[in-house]
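Topology and contacts: notes
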Amino acid sequence: VAGLGNYGLRGTRHSVGMAVLDRLAQQLAVAEGWRADRQCCADIALATARSLELLLLKPRRFMNLNGLSVASAAEIYNLRPEDIYLVHDDLDKALGKVAMKLGGSARGHNGVRSCISALHSNEMTRLRVGIGRP
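Throughout this document, residue positions are counted from 1 along each chain, in the order its sequence is written. Given that this is a predicted model, residues contribute local features only at a pLDDT of at least 70 and side-chain atom pairs are listed and counted only at 80 or more, while totals for whole chains, interfaces and linings are drawn from all residues. Side-chain numbers come from the whole structure's heavy atoms, not from hydrogens or water.

Segments assigned H or I by DSSP are reported as helices when at least four residues long, segments assigned E as strands when at least two residues long, and all are numbered from the N terminus. When you go through the protein chain residue by residue, the secondary structure sums to 3 helices and 7 strands. With the C-alpha coordinates of the protein chain rotated into their principal frame, the extents come out at 35 × 30 × 30 Å. Sorting the 134 residues of the protein chain into buried and exposed places 43% on the buried side. A fraction of 59% describes how many contacts in the protein chain between residues 6 or more apart in sequence connect residues 24 or more apart. Residue burial considers only the protein chains on display, and all accessible areas are found by Shrake-Rupley using a 1.4 Å probe. Element-wise, carbon and sulfur atoms account for 52% of the exposed surface of the protein chain, whose accessible area totals about 7,400 Å². When a residue's accessible area, from a 1.4 Å probe over protein chains only, is under 20% of the maximum for its type it is buried; when over 50% it is exposed; and in between it is partly exposed. Residue contacts follow a heavy-atom distance rule, with two residues in contact if any of their heavy atoms lie within 4.5 Å.

Pasting the structure below:
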């Protein structure tokens, strides 16, 4: 599960994917387990939910390069694009509204575009979190 955002700009609307992962880590009791992974240039935490092993990943890059971290983690942990969930902001959704999307285009989102490019696939599931337009 990758929370997309701008690593140096945490707390901003466009980094809501990372905030969602922080909350998920708390819910799964692994919030203290985040560690920097230099190989994929990301913060990662390992968790288990309903007998599934999860890799939580927050890229340590700007949004338009998040895909490099996601693709590196996919290679290291032997993940296929269809195994990956992307959590990211959506300007076209009202604040707080969420939607799941399987595959398809990036719909103008630079972080998703970066992931599609780096993974050579658009088969990732996306959790789109509404942040509304300013």
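Another point: the packing of aromatic side chains. Two rings belonging to Phe, Tyr or Trp (six-membered ring only in the last case) form a pair when the distance between their centres is within 6.5 Å. Interplanar angles under 30 degrees mark stacking, angles over 60 mark edge-to-face geometry, and anything in between is tilted. Within the structure shown, the criterion is met by 0 aromatic pairs. Lysine NZ or arginine CZ positioned within 6 Å of the ring centre and within 35 degrees of the ring normal marks a charge as sitting over the ring. In this arrangement the basic side chain of Lys58 is found over the ring face of Trp34, its NZ or CZ atom lying 4.0 Å from the centre.

So, on to the pattern of salt bridges. Here, a salt bridge means any Lys or Arg side-chain nitrogen found within 4 Å of an Asp or Glu carboxyl oxygen. Scanning all chains against the criterion turns up 7 salt bridges. Between Glu82 and Arg80 there is a salt bridge, with its nearest N and O atoms 3.6 Å apart. Across the salt bridge formed by Asp90 and Arg128, the nearest N and O atoms sit 2.7 Å from each other. With Asp90 in strand S5 (residues 85–90) and Arg128 in strand S7 (residues 125–130), the pair connects residues that are 38 residues apart, well separated along the chain. There is no split in this pair, since Asp90 and Arg128 are both buried. Members of the salt-bridge network, linked through shared partners, are Arg80, Glu82 and Asp83.

With that settled, consider the environment of Pro59. For Pro59, the position within the fold is in strand S4 (residues 52–59). Pro59 sits 11 residues away from Val70 along the chain, and the two C-alpha atoms are 7.3 Å apart. Dropping the residues within four chain positions of it, Pro59 is found in contact with Gly3, Tyr7, Met18, Cys41, Ala42, Asn66 and Ser69.

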